[in-house]
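Architecture and fold: a report
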Amino acid sequence: QVQLAESGGGSVQAGGSLRLSCAASGLTLRTFAMGWFRQAPGKEREFLSLITNTGTPMYANSVKDRFTVSRDNAANTGHLQMNSLKPEDTAVYSCAVGRGFGSGRWEDYSYWGQGTQVTVSS
């Protein structure tokens, strides 16, 4: 049974940093792509970043200079380091796992974490 356990969300002031983690079980993470998405109240789910099965990172333009995606193969865990956070980054953040190269479309991901709240105050 595949499970993705997220951690690391919380509240931070503008300009601060948070590091999200997504621990995978039931699959070998390095053979899949891991994507990160967020959804704010009243808004559509937004693609943020992914790391491909070969370890190549990709970013949405809105976060590419502030967020860094990574993967710890030994721990079977993905991470999203978020710096210079802004109030508009407030949302529920979710990790997801999909096959191969991954994509920015949430429909292409098969497994999802439970989501973690990130709140950025001004």
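Residues numbered from 1 in each chain as written. Predicted model: local features only at pLDDT ≥ 70, side-chain atom pairs only at ≥ 80, totals over all residues. Heavy atoms only, no water.

1. Structural notes on the pairing of strand β7 (residues 67-72)
This is how it is decided: For every residue, the accessible area obtained with a 1.4 Å probe (protein chains only) is divided by the maximum for its type, and the residue is called buried under 20%, exposed over 50%, and partly exposed between those limits. Helix and strand definitions here come from DSSP, where helices need a minimum of 4 consecutive H or I residues and strands a minimum of 2 consecutive E residues; each element is numbered from the N-terminal end. By definition, two strands form a pair when at least two bridges between them are found by DSSP.
Alternating positions in β7 separate cleanly, F67, V69 and R71 being buried on one face and T68, S70 and D72 remaining unburied on the opposite face. Relative to strand β8 (residues 77-82), β7 runs antiparallel, the two being bridged by six bridges. Looking at β8, one finds that T68 is bridged to Q81. Between β7 and β8, which pair antiparallel in sequence order, lie four residues; one of them, N76, sits at a positive phi of approximately 55°.

2. Looking at the pairing of strand β4 (residues 32-39)
Of all eight residues in β4, seven are buried, a share of seventy percent or more. Pairing of β4 with strand β9 (residues 91-99), which is carried by eight bridges, proceeds in the antiparallel orientation. Bridging across to β9, M34 finds its partner in V97. Bridge analysis of β4 against strand β5 (residues 46-51) gives five bridges, and the strand direction is antiparallel. Bridging from a neighbouring strand, R38 pairs with E46 of β5. The turn linking β4 back onto β5 is made up of six residues, and G42 within it adopts a positive phi angle of 80°.

3. Overview of unusual backbone geometry
One non-glycine residue, N76, adopts positive backbone phi at about 55°. Following the sequence through the fold, N76 ends up in the loop between β7 and β8. Accessibility expressed as a relative area gives 15% for N76, which makes it buried. In this model, S84 sits at a positive phi of 50°, which is unusual for a non-glycine residue. Looking at the secondary structure, you find S84 in the loop between β8 and β9.

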